[in-house]
Amino acid sequence: MTETINTPSQPIVSLNRDISHPGRSLGRDAWARLIRNKASVTGMIIIGLFTLIAIFASVLVPHSPIQIHSGANFLPPAWVEEFNGKTGNPDYLLGTDTLGRDVFSRVLYGARVSMVVGLIPTVIIMVLGTIVGMIAGYFGGRLDNLLMRLTDVVYAFPDLLFFIIVMVSLRDSFIGQMMNGLLLLFMALAIVNWVGVARLVRGQVLSLKEKEFVEAARCIGAKDMHIMFRHILPNSLGPLIVFAAFAIPGAIITEAILGYLGLGLRPATDQAAVFITSWGGLLLEGQTAINAQPYMLLTPAICVALIVLAFTFLGDGLRDALDPRMRGTQ
Amino acid sequence: MLAYFIRRILWFVPVLLVVSAITFVLMHNTPGGPWDRDLEARQVDSNTQELLNEYYGLNKPLWRQYVAYVIGDFDKEGAFVCGILCGNLGPSYRVRGRTVQDILFEPPEGKGFSDSRFGYSARLGLIALAIAIAIGMPVGMMAALGQNTWRDYLGLFIATGGISVPSFVMGIFLIIIFGSWLHLVSIVPRSWDKIDVWILPALVLGFNTTAYTARLTRSSMLEVMRQDYVRTARAKGLAERVVILIHMLKNALIPVVTILGPALAGLVTGSFIIETMFGFPGMGRAYVQAISQRDYSMILGTTIIYAVLVAIANLSVDMVYVFIDPRIKLSD
Amino acid sequence: MRKLFTLLSLLVLASMVLAACGGAAPPATEAPAQPEEPAATEAPAATEAPAATEAPAETETPVLRINIGTYPDIVDPQKSSFVNEIAHLKLIYEGLTTYDETLATVPGAAESWTYNDDATVLTFTLRDGLLYSDGAVLNAERFAYSIKRNIDPATAGEYAQITDEIAGAPEWRGCGEDAAACEAGAATVAESVKASHADGSACADYEDTACNTLTLTLSKPAPYFHTVMGLWVTFPAKQEGIEEGGDNWWNSSKFQIGNGPFVLQSLEPFVRGYFTPNENYWDGVAQVDIEYSYIVDSAVAFEAYKNNEFDIVPSAAEDLATIESDPTLAAEHMVYPGSCTIAIMFHQLKEPFNDKKVREAFAYALDRDAWVTDVDAGLSAPTLTWIPAGYPGYKEGETRWGYDPEAAMQAITESSYGSVAALPPIEVTFGDSPRNRVRHEWLVAKWQEVFGADLKITLNPVESTTYTELTKSIDTSPLMFRLGWCADYPDPQNWLSVYWKTGGFGERIGYSNPAFDELVNAADVELDPTKRAELYQQAQDLFMDDAAVAMMYNTINHYLVKPWVQGIKTTPQDSAWPGDIDPVSITIDSSMIP
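Residues numbered from 1 in each chain as written. Chains lettered and ligands numbered in written order. Predicted model: local features only at pLDDT ≥ 70, side-chain atom pairs only at ≥ 80, totals over all residues. Heavy atoms only, no water.

1. Topic: the side chain of Asn212(C)
Residues and elements named next belong to chain C. As for its placement among the helices and strands, Asn 212 is situated in the loop between strand E6 (193-196) and strand E7 (213-217). Classification of Asn 212 as buried rests on a relative accessible area of 15%. With sequence-adjacent residues up to four places away left out, Asn 212 is seen in contact with Phe 124, Thr 125, Leu 126, Asp 128, Ala 140, Ser 196, His 197 and Ala 198. (Helix = DSSP H or I, 4+ residues; strand = E, 2+ residues; numbered from the N terminus. Buried < 20%, exposed > 50% of the residue type's maximum accessible area, 1.4 Å probe, protein only. Contact = heavy atoms within 4.5 Å.)

Here's what the structure looks like:
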């Protein structure tokens, strides 16, 4: 039998068609997905806005946040005609507080402390927790056991109680005086919360450790540190980033609660000080004055809610973006 | 597995020791003592102060005080007074004449254990948890099942709102709305015997947990919804309700259950703001007040109680987890 | 889906039922939205089982509902020291003396008293037929027991030193471990505090109705001591009650039996304290029940007051604007002078305040009127004197060191520093709390205004209890801090000798003036009231000349009182609510309650 070869009607020009696609890293991929998520974009805008406010507060405020205006206390916001016998003054957009200080200016300055309190402890927590978790998970054995027992102890400490006692006992020491008491706050937050990250990272490392690519890397002769940081860490970034996105608002709320208890930032007298007041402190002042000037409480409460919302949306978006399987599930 | 749990329980002891030691050092490091009072009142004079220090053994070296607190020590007459090992959490320096365990666990005369300060806090925590489950789970499920519809957005709004508003802000708002405007509840309950006065404080306390539960239920339902076995169930022609209840719910609830244990512990510990606002006779504010009053025994006692609660909660969650999810193998 | 909801709702209900079952009452039926009727009538229950509905009482005694604030730590006459604790004690007990609206000391349980020639022996004669609320006899032996219990080192009462004028009291209190000294001290005090019959013969026991004389021997002349004997530390708690009830005796209405206008019916920690009229009170039977609540949050208390859940609450400065703009609330706002003076203390031995001119300057720079308007919203009264208006010994028309910015700058130039820039950095210390922050931020801002930008001044907030500890001794005492003194009893001796004599409370800032000491020492023992007042006045003038501290303001009592509460008599010395000086005269007009 003879075979018939179908001759193509057109000659094939070339078999070398460039079908390659420019490689996209996980980062680019994730970013593209993130942008598409409307909620997380909103979140990012809000965060960006507050960050700018925090940085440029000294330029943006219409009045000095600690300037007392005698006789002008508890003024209602500018658009209110009459409240408790006082009228709104366009000079003070959101009204004034107990001592006649401009609420709007104080809230803008409050953003500084809240953003800083959100970010810095979270960074410390992530770094510390990651290192501990990686070492424990990768090396295993007695080192792992020891570190896990350490986390057990820290875990057993009731968070808020630990904060309170640390703040109260070290408040008047050298550490407590630095940065208006913020350094102490960061330390307290960091000490309690790094445990969660460590456990998370450890879990990730344990599951990734046995994967083939790690084995392959070892075969090639890669060092432990190299494997840990170039291979395992990038693959565990997903849940870590999401954790961070939820840790930040948690820190902000904790500062608010500590401020309510009078354990937050120390008051500043110097106009040139960087950290003057925080939303937590404003919430505290506002709560006692809720009948006199409700916007003293409403404004920082809304700001806290907004920033938490923003970080939550961002965290959700990041989770979607970094984990393709979850696409469409959030 | 039994061995694992026994080991975990045995670990309680060193953990508690470390926790108590750290607390002890921190609080004695704080300037001021139990006899330093609010400046509006006349201060205790030095004679009396010495007397009191002598009586309570506060002039002994720190290590001795710590050992006395944990194990026990000989008092002035030479009798041995036992410490924590015997359940004695120490004498309160503020409410002189009563011990810490007495204050926290003894009910007022003629009432049962659940009317002790601990009992009140526990009850409030339980109700708050029940509210969290009763509202959080359905909201989360509704959001998941109606994803990207108004139901989803409403659910997300409740969930994130609950996380971002601190409890004291929520508290004063609810008091004003339900008390002053709507006159639905009395702002100051004269008696905690009827259930209706518990609702507002429990709501404020549990709002945070409700939000977390809703979010977690939603995300785990969403994850479960995509699974193959759900598709199979549907393909088999089962009614939607059956699919949801029998196949999805069970699996979706696993992550939720894991947070409930620590959540309960957190609810019992977190009630002090609620107590201050509503005049609730719980034990939450015992800790905060004790710190500013430097009531050393009370500080140590409440810290230990809370640490025990948290440890038990974590352990029970792990145990429940094992039973629910057969895939889980416990490794240390 | 529906099944799930039902399931979960059942779960919620179940847990609520379980939780509610913990209380004594069965759970209420599903009616959480029941509005609470204001307690116009309420049957005081003997046990804690509440009725599901308000059962009408046999006699409709109206209830006076007061918010006291913090729950008391201990309600024991010889161990209590805080205002809220005293508020409870004053209802249950009555002392030998009390005072009237003008703060003059008047007879209480004692009908009369006399001093001997040199005021070293004080003899009280009790009224006839005094009874405890349970009908037991109240005689002088009871008072003797209480006074001795106060001094007894075993009690370790926190206000024990206030009766140190009694011969042997300081020695007994300070005997420490020395058993012999303790015995000797106890014996001396037993001799100094003697109950007897009118003729001097010893009393038989607590039932002895003829035992109506109490003789106190003092270690030095103290013609003001009858005023001190009205304080709560001498309230006659029953010995049997204390011994039977053990350390927790005061919590129980079985053991805490008193001779005052009210009977303690129940004390529910943090929830409420309930008092009913004492039928056996010698000055008449009260016409209301009293219910104390313990809401600490002033915003919540204010809401509750507006909601007609309280009859009397202290008003907060933050709510003043709301109160004044509402005609109803403004009419219900009761404002009258208080018992405290607040001053800015300067450490007399530390720079720059060891220089009198600098102290004067800071006093001149203090705009007290602006403080009262800005910070306290009118709820305090500016003052330039140490003893407040309304108190015996008050000097009217004092003008030294009043607000005068020019004089302030002048004083600085006259001082050893010469200019503001030459002053060392000044640190203002205070106990950290939101109100205090506001106060001190204001102070610093104002001083910066007067003295200009050259002034180096900073704020140093410390935790409240730490602050207390710092101010207790001269070594740790801060450079400049705000402190007050509230009268224990209305007598210049309490204001001047107790505080500013060398070795008194003024020691903590290093104040000591021998000429002042001489004057008050003489005044303390002077029997002639005119001469006495004169001597105290001279001492006060001397003290003011020293400009040791900068007087700032007097506290004001400010409460919201519902219009249906009538018959309230107020004094600056009120403990925790207006009218507690004579609660028997208070009535509630039930027809006015909505």
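2. Looking at the interface of chain B and chain A
Counting residues at the interface gives 41 residues for chain B and 41 residues for chain A. Together chain B and chain A conceal approximately 3700 Å² of surface at their shared face, both sides included; 76% is due to carbon and sulfur atoms. Our count for the contact surface shared by chain B and chain A stands at zero salt bridges. Taken together, the elements giving at least two residues each to the side of chain B that touches chain A come down to helix H1 (2-29), helix H6 (150-164), helix H7 (167-181), helix H8 (196-225), helix H11 (272-278), helix H12 (284-293) and helix H13 (296-324) of chain B. Its residues placed into classes, the side of chain B that touches chain A shows 26 nonpolar, nine polar and six charged. (Buried area = accessible area lost by both parts, 1.4 Å probe. Salt bridge = Lys/Arg side-chain N within 4 Å of Asp/Glu carboxyl O. Nonpolar A, V, L, I, M, F, W, Y, C, P; charged D, E, K, R; others polar.)

3. Here's the deal with unusual backbone geometry
Backbone torsion omega between Glu351(C) and Pro352(C) reads -10 degrees, so that peptide bond is classified as cis. Along the polypeptide, Pro352(C) turns up in the loop between strand E12 (333-346) and helix H11 (356-364). For His183(B), which is not glycine, the phi torsion reads 55 degrees and is therefore positive. A positive phi angle, close to 70 degrees, is found at Phe270(C), a residue other than glycine.

4. Quick look at the sheet that holds strand E5 (residues 121-126) of chain C
All names here are of chain C. Within the open sheet, the four strands sit side by side as E4-E5-E7-E6. Their pairing is antiparallel. In this open sheet, the two strands that pair with only one neighbour each are strand E4 (110-115) and E6. In this sheet, neighbouring strand axes are inclined to one another by 20 degrees on average, regardless of whether the strands run parallel or antiparallel. Against the sheet, helix H5 (residues 179-192) touches E6 and E7, its axis set at about 45 degrees to E6. (Pairing = 2+ DSSP bridges. Axes fitted to C-alpha atoms, helices over the stretch in contact; angles between N-to-C directions.)

5. Things to note about the interface of chain C and chain B
Taken together, the contacts link 78 residues of chain C with 74 residues of chain B. Summed over both partners, the interface of chain C with chain B buries about 6900 Å², with 59% contributed by carbon and sulfur atoms. There are two salt bridges connecting chain C and chain B. Salt-bridge contacts for Asp73(C) lead to Arg94(B); the nearest nitrogen and oxygen are separated by 3.4 Å. Along the contact surface separating chain C from chain B lie seven residue pairs in polar contact (both at pLDDT 80 or more). (Polar contact = N/O pair within 3.5 Å; in protein donor to acceptor, adjacent residues only side chain to side chain.)

6. Thoughts on the packing of helix H3 (residues 103-139) of chain A against helix H7 (residues 182-209) of chain A
Residues and elements named next belong to chain A. Interaxial distance between H3 and H7 falls to 5 Å at its minimum, and their mutual angle equals 40 degrees. Between H3 and H7, the crossing angle belongs to the class labelled oblique. H3 and H7 meet at a crossing whose hand is right-handed. Taken together, the residues of the contact of H3 with H7 sort by class into 24 nonpolar, five polar and two charged. (Parallel < 35°, antiparallel > 145°, perpendicular 65-115°, else oblique. Left-handed = near helix turned anticlockwise from the far one by under 90°.)

7. Let's talk about the pattern of salt bridges
Considering all chains together, one arrives at 32 salt bridges over all chains under this definition. Between Arg202(A) and Asp144(A) there is a salt bridge, and its shortest N-O distance comes to 2.9 Å. Placement of Arg202(A) in helix H7 and of Asp144(A) in helix H4 (residues 141-156) is noted, with a sequence separation of 58 residues between them. When its relative accessible area of 11% is taken as the criterion, Arg202(A) is described as buried. A relative accessible area of 9% places Asp144(A) in the buried class. Its salt-bridge partner being Arg149(C), residue Asp76(C) comes within 2.9 Å of it at the nearest N-O pair. Of the two residues, Asp76(C) sits in the loop between strand E1 (63-67) and helix H2 (83-92) while Arg149(C) sits in helix H3 (residues 140-151), which places them 73 residues apart along the sequence.

8. Quick notes on the nonpolar core
Of all hydrophobic cores here, the largest spans 216 residues; its most connected members are Trp386(C), Trp447(C) and Trp577(C). In contact with Trp577(C), not counting residues within four places along its chain, are Leu64(C), Ile66(C), Ile68(C), Leu91(C), Ile290(C), Tyr292(C), Ile312(C), Tyr559(C), Pro583(C) and Ile586(C). Among the nonpolar cores identified, the runner-up in size contains 96 residues, and Ile253(A), Tyr260(A), Ile175(B) and Leu203(B) belong to it. (Core = buried A, V, L, I, M, F, W, Y, C linked by side-chain atoms within 4.5 Å.)

9. Points about the packing of aromatic side chains
Residue and element names in this part refer to chain C. Within the structure shown, the criterion is met by 48 aromatic pairs over all chains. Aromatic pair Phe 275 and Tyr 292: ring centres 5.2 Å apart, planes at 65 degrees, arrangement edge-to-face. One end of the pair, Phe 275, is in strand E9 (residues 272-277); the other, Tyr 292, is in strand E10 (residues 289-293), and 17 residues separate them in sequence. For Tyr 292, a relative accessible area of 0% gives the class buried. Taken together, the aromatic side chains of Trp 386, Tyr 391, Trp 485, Trp 495, Tyr 499, Trp 500, Phe 505, Tyr 511, Phe 516 and Phe 543 make up a single cluster linked through ring pairs. Just above the ring of Trp 282 sits the side chain of Arg 127; from NZ or CZ to the centre is 3.5 Å. (Phe/Tyr/Trp six-rings, centres within 6.5 Å; stacked < 30°, edge-to-face > 60°. Lys NZ or Arg CZ within 6 Å of the ring centre and 35° of its normal.)

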